[in-house]
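Okay, here's what each chain looks like letter by letter:
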Amino acid sequence: MLSALIVSLKVVGVATLVIGVAGTLLALLLARVRFPGRTLLELVLTVPLVLPPTVVGFFLLYVLGRGSPVRDWLGLDLLFTWQGAAVAASAVGLPLMLQSARAAIAAVDPQLEDAARTLGRSEAEVLLRVTLPLAHRGILAGLFLGAARALGEFGATLMVAGNIPGRTRTLPMVVYDAALNGDLALAAQTSLLLSGIAFLALFATRRLEQPAQR
Amino acid sequence: MSAERLLVDIEKRYPAFHLQVRLSVGAEVMVLYGPSGAGKTMTLRAIAGLLRPDRGEIWLDGRLLFRSDGRHRALNVPAHRRRVGLVFQDYALFPHLTALANVAFGIRGPDRRERALAWLRRMRLEHVAHLYPSQLSGGQRQRVAIARTLAAGPSVLLLDEPFSALDRDAKRRLQGELRQLQAELALPVVYVTHSLEDAFAVGHSIAVIAEGRVQQVGRLEEVLAQPANRRVAQAFGLPNLVEARVRAHAAEGLLLDWDGSELLAAGRDVPVGARVIVHIRPEEIRFIYPNRPLSAAVRHNRLRVRVLEHRHGPDFRLVRVLTLGPTSAELEVRSPPSTYMDLPLAPGSELEVAIRPSGIVVLEAAGPDAEG
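Residues numbered from 1 in each chain as written. Chains lettered and ligands numbered in written order. Predicted model: local features only at pLDDT ≥ 70, side-chain atom pairs only at ≥ 80, totals over all residues. Heavy atoms only, no water.

A. Expanded view of the overall build of chain A. The helix and strand tally for chain A stands at 10 helices and 0 strands. Scanning chain A from its N terminus toward the C terminus, one meets helices and strands in the order α-α-α-α-α-α-α-α-α-α. Along the three orthogonal principal directions, the C-alpha set of chain A runs to about 65 × 45 × 25 Å. Excluding contacts between residues fewer than 6 apart, the proportion of contacts in chain A whose partners are at least 24 apart in sequence is 72%. Just so you have it, chain A exposes about 11,000 Å², and 69% of that area is on carbon and sulfur atoms. Here chain A carries 17 positive and 12 negative side-chain charges, and the mean point of each set is 3 Å from the other. (Helix = DSSP H or I, 4+ residues; strand = E, 2+ residues; numbered from the N terminus. Contact = heavy atoms within 4.5 Å. Areas by Shrake-Rupley, 256 points an atom, 1.4 Å probe, with all protein chains shown as cover. Lys, Arg positive; Asp, Glu negative; His and termini not counted. Charge placed at Lys NZ, Arg CZ, Asp CG, Glu CD.)

B. Examining the packing of helix α9 (residues 171-180) of chain A against helix α10 (residues 184-209) of chain A more closely. All names here are of chain A. Contact geometry for α9 and α10: axes closest at 8 Å, N-to-C directions at 155°. Classified by the interaxial angle, the pair formed by α9 and α10 is roughly antiparallel. In this structure, α9 meets α10 at a crossing whose hand is left-handed. Counting all contacts with α9, which are made through Leu 171, Pro 172, Val 174, Val 175, Ala 178 and Ala 179, the residues of α10 involved are Leu 186, Ala 187, Thr 190, Ser 191, Leu 193 and Leu 194. (Axes fitted to C-alpha atoms, helices over the stretch in contact; angles between N-to-C directions. Parallel < 35°, antiparallel > 145°, perpendicular 65-115°, else oblique. Left-handed = near helix turned anticlockwise from the far one by under 90°.)

C. Spatial organisation of the interface of chain A and chain B. Each partner contributes residues to the interface: chain A has 17 residues there, and chain B has 24 residues. Summed over both partners, the interface of chain A with chain B comes to about 1,900 Å²; 60% of that surface belongs to carbon and sulfur atoms. Our count for the contact surface shared by chain A and chain B stands at 2 salt bridges. Two residues, Arg108(B) and Glu125(A), come together in a salt bridge whose shortest N-O distance is 3.1 Å. Summed over the shared surface of chain A and chain B, the number is 6 residue pairs in polar contact (both at pLDDT 80 or more). (Buried area = accessible area lost by both parts, 1.4 Å probe. Salt bridge = Lys/Arg side-chain N within 4 Å of Asp/Glu carboxyl O. Polar contact = N/O pair within 3.5 Å; in protein donor to acceptor, adjacent residues only side chain to side chain.)

D. How the structure looks around helix α3 (residues 112-122) of chain B. Residues and elements named next belong to chain B. Burial in α3 covers these residues: Ala 116, Trp 119 and Leu 120. Along the axis of α3, the buried residues cluster in a sector spanning 100°; they form a single face. Arg 124 lies just past α3 and shows a positive phi near 55°. (Buried < 20%, exposed > 50% of the residue type's maximum accessible area, 1.4 Å probe, protein only. Arc of directions from axis to C-beta.)

E. Layout of the layout of surface pockets. Estimated volume of the second largest pocket: approximately 410 Å³. Across the lining of the second largest pocket, the residue classes break down as 6 nonpolar, 3 polar and 4 charged. (1 Å grid on protein atoms, 1.4 Å probe; cavity = no way out; pocket = protein on both sides within 12 Å on 5 of 7 lines; lining within 4 Å. Points joined across faces, edges and corners; volume = space filled by probe spheres on them. Nonpolar A, V, L, I, M, F, W, Y, C, P; charged D, E, K, R; others polar.)

F. Structural context of the nonpolar core. Membership of the largest hydrophobic core comes to 50 residues, with the highest contact counts inside it found for Val103(B), Ile146(B), Leu157(B), Leu159(B), Ile206(B), Val208(B) and Phe236(B). Both domains that meet at this core, namely domain 1 (6-83 + 154-235) and domain 2 (241-365) of chain B, each give it at least three residues. Among residues more than four places away in sequence, those in contact with Leu157(B) are Gly85(B), Val87(B), Thr149(B), Leu150(B), Leu178(B), Leu187(B), Pro188(B), Val189(B) and Val190(B). Membership of the second largest hydrophobic core comes to 42 residues, among which are Leu119(A), Ala46(B), Ile47(B) and Ala92(B). (Core = buried A, V, L, I, M, F, W, Y, C linked by side-chain atoms within 4.5 Å. Domains from an automatic or database assignment.)

G. Main features of the pattern of salt bridges. All names here are of chain B. Under the counting rule described, the total for this entry stands at 34 salt bridges over all chains. Note that Arg 275 is salt-bridged to Glu 243, the shortest N-O span being 3.2 Å. Highlighted residues: Arg 275 in strand β15 (residues 275-280) and Glu 243 in strand β12 (residues 241-250), separated in sequence by 32 residues. You can call Arg 275 buried: its relative accessible area is 16%.

H. Highlighting the confidence of the model for chain A. Chain-level statistics for chain A give a pLDDT mean of 93 and a share of 98% at 70 or above. Here helix α4 (residues 69-72) of chain A stands out as the least confident element of chain A, with mean pLDDT 78; helix α6 (residues 110-118) of chain A is the most confident, with 97. (pLDDT = per-residue confidence, 0-100.)

I. Broad picture of the domain arrangement of chain B. Residues and elements named next belong to chain B. When the domains of chain B are assigned, the result is domain 1 (6-83 + 154-235) and domain 2 (241-365). Each of domain 1 and domain 2 has a C-alpha centre, and the two are 35 Å apart. Tallying the contact residues gives 8 residues for domain 1 and 9 residues for domain 2. Buried surface at the junction of domain 1 and domain 2, summed over both partners, amounts to about 700 Å²; 56% is from carbon and sulfur atoms. The largest contributions to the domain 1 side of the interface with domain 2 come from Ala 225, Gln 226 and Arg 230, which together make up 58% of the buried area. At the boundary of domain 1 and domain 2, one finds 1 salt bridge. Its salt-bridge partner being Glu 243, residue Arg 230 comes within 3.9 Å of it at the nearest N-O pair. The tally of links from domain 1 across to domain 2 stands at 2 residue pairs in polar contact (both at pLDDT 80 or more). Counting residues per element, the side of domain 1 that touches domain 2 draws most heavily on helix α8 (residues 230-235), which supplies 3 residues.

J. Region of interest: the side chain of Asn229(B). Residues and elements named next belong to chain B. Along the chain, Asn 229 turns up in the loop between α7 (220-225) and α8. Looking at Asn 229, its side chain comes within polar contact range of the side chain of Gln 215, at 3.1 Å. Beyond its immediate sequence surroundings of up to four residues, Asn 229 is in contact with Gln 215, Leu 363 and Glu 364.

K. Fine view of the sheet that holds strand β18 (residues 317-323) of chain B. All names here are of chain B. Taken in spatial order, the 5 strands of this open sheet run β16-β20-β17-β18-β19, and their pairing is antiparallel. Sheet topology places β16 (285-288) and β19 (330-335) at the edges, where each strand pairs with a single neighbour. Strand-to-strand twist in this sheet, taken as the mean axis angle between neighbours without regard to direction, amounts to 45°. Two strands pair when backbone bridges link them, and strand β17 (residues 302-312) and strand β20 (residues 350-355) are joined in this way by 5 bridges, in the antiparallel orientation. Paired with Leu 303 across the two strands is Val 353, which belongs to β20. (Pairing = 2+ DSSP bridges.)

L. Structural context of the side chain of Thr46(A). Among the structural elements, Thr46(A) can be located in helix α2 (residues 38-46). Ignoring any residue separated from it by four or fewer positions in sequence, one finds Thr46(A) in contact with Pro95(A) and Gln99(A).

In structure tokens form, the structure reads like this:
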């Protein structure tokens, strides 16, 4: 279980980073910029929320596998590595982040951004000093949810990274293996650990979504 | 009244609206007055660089902020480099920052905090420096918003319906402070409002805007005394706008034919035969006591009327009457509350009015059938 915990931490760490950065930028794009294909992009990024994880994993096999730009042009072979697992976890966690961050950014009064502009602040400064600080609760809440989902990822990860002990076996796979092998104690311990983390993440999200008491 | 500091000559077309504004503002408070939907806020946003006109020019203290002929590549200085201060209608204070941090937001340099504090002191706000906007009163928020805008060192100050949410006393105080600040800083100020009372409280000059166009610019009392056209008169909410035909120029003034009734109006250079819009000032219409000798003031423009309605306002008496032949039209008569105490002014009463020629103001030619 310890090696699986380490794999899980690596996967979730990278996935959280990816979800945080890509999610914030994409949420900004979707909330503030009008461009053709916006709705399509939003649907493509959100659909992993409702697709079976195995389907997401199946698509990712094409994105990461032979003949894909990632493998043939960038020379990255991510299949059956923990990094591949991180990609799968990111794809499944990102929609949760997007939903929350996008709503939070859209809720920032554009007049406040205009006010910052007339006060001599450039677009980058407006973003860093007004938009993101005002949306930070929704962005953080989305990040917690996305990270929690990334930690619990099973189906897509199994398709893309397999279940290699010490390399790609994550905590949810420990539960699966242990339950199948009759090691109910290990399955119960791991399940409790994952449940505790999920509960904490939801609690933090809940706290963030409540309006600031000032 | 003073050298031009801000010059605006812009145009922007929307499917159902056409903004076409020309303004020049010196170191003064110019009131941009007009009904809602006239294009006032749009004009301010264009000056601030938050709305891009289709064509035209904007100059501020000799700096070209915008120029486009609508076809070729335009010059468009971004909002953050324009040094145009805009106070938003609902203040737009940053809710995540204290009053002090709000005021410091537009200040650059190592002494930001000190300069922000100096502005707060100047606006008598130092005691709320550490509070957030949600903890401030409406008047305090408004003063923080003004301090924040001025602290950034703008070359012009634009205010969008600034004090509309405040009670009367707070509003009067702030308007006084604003005039004082304007005088000290010698700033051009554009003050948007749809309240005539506010316009008189702060303005040196007025630009009346209606249907996307500046209709008239001038000193406040002059524009109110002689509105250029029907739209200006309507923007001021003036009653008694009627149409008449110019019959002749007489020694005493202008002879008008108002659908069969003859009116003697104040002299004005309009061609004989033209159809014109006429404003009859409600306070220049006098009721005539049937049993008293007539004074010189009521020699002209006598009409028989029937009283339709009789009301009292806080500091005036208002009577709506219907003129009885040959013209039949409704007129509003205003007088001080203490007048006509012993006249029968109940609805239905018939009596005579007289209108001073100086109270009949010819505005403009009335539409396309006016020739010459």
